[in-house]
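# Analysis of the macromolecular model
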Amino acid sequence: MSSSAENPTLTAEITKPSTEIATETAQSAKKITLKTSDDQIFEVEESVAMEFATVKSFFEDAPSSTDTVPLPNVPAKPFSQVIEFCKEQIKFKANPDETEKKRSNSEFVKEKTNEDLVEMIPVANYLEIKDLLDVLNQAVADRIQNRSVEYVRSFFGIDNDFTSEEEALLREEHAWAFEDVDED
Amino acid sequence: MNLLSRTIKKKRHKKPKTKTRNKRQETKEDPVEQDELGEDTEGFNLKTSAPSNTYGVQPLGNLYFSSGSINSRNTGLGNLQILTDELVLDILGFLDGTQLGVLATVSKSFYVFTNHEPLWRNLVLDKLNGEFLFNGSWKSTYIAGIYPLFDVNGCSSLKEPNRPVLLEGCIDNWAALQKWDKDYLVSVCGDVKFAAGPVEMRLQEYFRYSDQVREERPLYLFDPKFAEKVPVLDSEYEVPLYFREDLFSVLGNERPDYRWVIIGPAGSGSSFHIDPNSTSAWNAVIKGSKKWVLFPPDVIPPGVYPSPDGAEVACPVSIIEWFMNFYGATKNLKRRPIECICKAGEVIFVPNGWWHLVINLEESIAITQNYVSRRNLLNVLDFLKRPNAGELVSGTRDRVNLHDKFENAVESTFPGTIDRLVQKAEEKRAQEKKPSFWDSVTDSHAGAFKFSF
């Protein structure tokens, strides 16, 4: 049931070392080489890579650079999922269809685990992919909206560090908030 | 007991301060250094009134010095700990106020994040637009605006139960607390005269009188226009955080008298009364101390005989007389009064409708302010509407029309507020018939129910 981005064959395809791939790519679209914090090399189509504002500005400063771009804050696993998202996104650039885009976005987050989502957030933030960041933040928020305290704790793996007296006092202080909580 | 645990302590900054002090003293024996540090209660003081709550959050570097070295930020965030503070707040920015309230009780870390004021600022501006009554912090402004009956400023004991509360630490930032003594007041007030009993007096002469007098009912200085007369006095106190909501302010200059400076020698005070216009009040002691005896609205104190229409009250002329003749009897009452001593630096909350008697145990200077919040707005409107309002309403010239003026002003400033409160009140009345506060706290074994400190 794992998401397609975690599929090992797909990941392998994207992460082929750059030297091998260079000849193949010459005839197709220009590719950009990116290196993740865990030293994985990604060959990404230029149009996709330009979705990453951070990478884009790197090339704006050095347009003819063919160097590998290091992404010191980006681990490979969430990065491959981010690429997956951006590939979908650029389809909508040519052909804007807001409803379809929304559907695609919600499809994208629906099949992700919490861990996936949370790991992607700093990546989207670092690469400055505003749309993705909003989608992810909204997705995490949706998953805890109207949920109980106990649900949220187990959902994120949070230790309850309140004493029972403290917790009771806080509950009383926030009684106004507990009218709409759904049953787990 | 119950009320004791509700006493609010706000001396947040004390702990870290003493810690550093001990540390410095351990390593340094330099007496000069110690002297300097010893002064840290005076001298430079950060203003604590702004709601810049720290919730004990310290710079990350402090983790090196703490023995346990657990960063409760991370344990309390679970999976989210890999996110920076800004990203956590971004996610919380997608949630509504209710869910933020729920999350506040998840862990200490979540409590801190969900209390981030800009989140609440956005919610207030988004949901209430310009129609909000700022209430000390954006969070409490939001709660008061969206859930009028929970209008509490985070202080649960000041909400529904309508019972007295003694607060400490909430006027620590008043310049008045340090400065106001007889000499200072005489020097800043000069020739300004203040109402003292039936006459007006300059402070110098009043103190000359009050220093010498030994009589049963000393003239009591009680002036409603002190802040207008001597603006510097106004600048040296501020309304404590919990009492900022003040609906009479919509009346501007036409509002009834609402604040008084109170000065009097030991033995002066006010005998049993209920505060005007069904307002609630706070009373902050700046110098001296006051003894309070309070009875709930439905219990008439022994020795006190209000007229049926409430316009007049017959009771012993002197407070001492009441203590001598009736105080003893309160020990055997089924429903006994709440008693306490309010010392300098402390504030008592007097809920609307409560009978109270106050006597200065030593020469005292205090400020009191009466106010209308959403919690007692309906009571106040009812009071102003009574057929004999002309006799009952006090502190203003146009007594009969005050109700309509006030109602209209509230309605135009905060449209729909009155209707919402009426509806809530009706729902509440329909839904519960629970025992009164007194029934729930007075059992035969409990004995004296009173404040103790």
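See the structure above.
Because the structure is predicted, anything quoted here is derived from the model rather than measured. (Residues numbered from 1 in each chain as written. Chains lettered and ligands numbered in written order. Predicted model: local features only at pLDDT ≥ 70, side-chain atom pairs only at ≥ 80, totals over all residues. Heavy atoms only, no water.)

## Examining the sheet that holds strand β2 (residues 41–45) of chain A
All names here are of chain A. How we decide: Pairing between two strands requires that DSSP report at least two bridges joining them. Segments assigned H or I by DSSP are reported as helices when at least four residues long, segments assigned E as strands when at least two residues long, and all are numbered from the N terminus.
Pairing is mixed across the open sheet formed by 3 strands, whose spatial order is β2-β1-β3. The open sheet is flanked by β2 and β3 (69–70), the only strands paired with a single partner. As defined by bridge partners, strand β1 (residues 31–35) adjoins β2 across 5 bridges and the pair is classed as antiparallel. Bridged to Leu34 within β2 is Phe42.

## Some thoughts on the interface of chain B and chain A
Inclusion rule: Between two residues, a contact is recorded if the distance between any of their heavy atoms is within 4.5 Å. When two parts are put together, the accessible area they lose, computed with a 1.4 Å probe and summed over both, is reported as buried area. Polar contact criterion, stated in full: a pair of N or O atoms within 3.5 Å, where within protein one must be able to donate a hydrogen and the other to accept it, and residues adjacent in sequence count only if both atoms are side-chain atoms.
Contacts between chain B and chain A engage 37 residues on the former and 41 residues on the latter. Carbon and sulfur atoms supply 66% of the area buried between chain B and chain A, which totals about 3300 Å² over both sides. Of all residues in chain B, Phe94(B), Thr105(B) and Val106(B) bury the most surface against chain A, accounting for 19% of the area lost on that side. Our enumeration of links across chain B and chain A arrives at 10 residue pairs in polar contact (both at pLDDT 80 or more). Where the side of chain B that touches chain A is concerned, the elements lending two or more residues are α4 (72–75), α5 (85–92), α6 (97–103), α7 (108–114) and α9 (138–146) of chain B.

## Quick word on the packing of aromatic side chains
For clarity, the cut-off: Any two rings among Phe, Tyr and Trp, with Trp reduced to its six-membered ring, count as a pair given centres within 6.5 Å; such a pair is stacked if its planes are under 30 degrees apart, edge-to-face if over 60, and tilted if neither. Whether a residue is buried, partly exposed or exposed follows from its accessible area with a 1.4 Å probe, protein chains only, as a fraction of its type maximum: under 20%, in between, or over 50%, in that order. Definition used: whenever NZ (Lys) or CZ (Arg) falls within 6 Å of the ring centre and also within 35 degrees of the ring normal, the charge is taken to sit over that ring.
The tally for this structure, following the rule as stated, stands at 28 aromatic pairs over all chains. Between Phe58(A) and Phe59(A) the ring centres are 5.3 Å apart and the planes differ by 80°, which places this aromatic pair in the edge-to-face class. The exposure class of Phe58(A) is partly exposed, given its relative accessible area of 30%. Grouped by ring-pair contacts, the aromatic residues Trp174(B), Phe226(B), Tyr237(B), Tyr242(B), Phe243(B), Trp282(B), Phe349(B) and Tyr371(B) constitute a single cluster. One cation-aromatic arrangement involves Lys112(A) over Phe108(A); the distance from NZ or CZ to the ring centre is 4.1 Å. We note Arg259(B) situated over the ring of Phe226(B); from NZ or CZ to the ring centre the distance is 5.9 Å.

## Things to note about unusual backbone geometry
All names here are of chain A. Of note, Asp39 is a non-glycine position whose phi angle comes to about 60°, a positive value. Relative to the assigned elements, Asp39 resides in the loop between β1 and β2. The class of Asp39 is exposed, set by a relative accessible area of 54%. One non-glycine residue, Glu128, adopts positive backbone phi at about 55°. Inspection of the secondary structure assignment puts Glu128 in the loop between α7 (114–126) and α8 (130–144).

Geometric descriptors of this kind do not, in isolation, establish any biological role.
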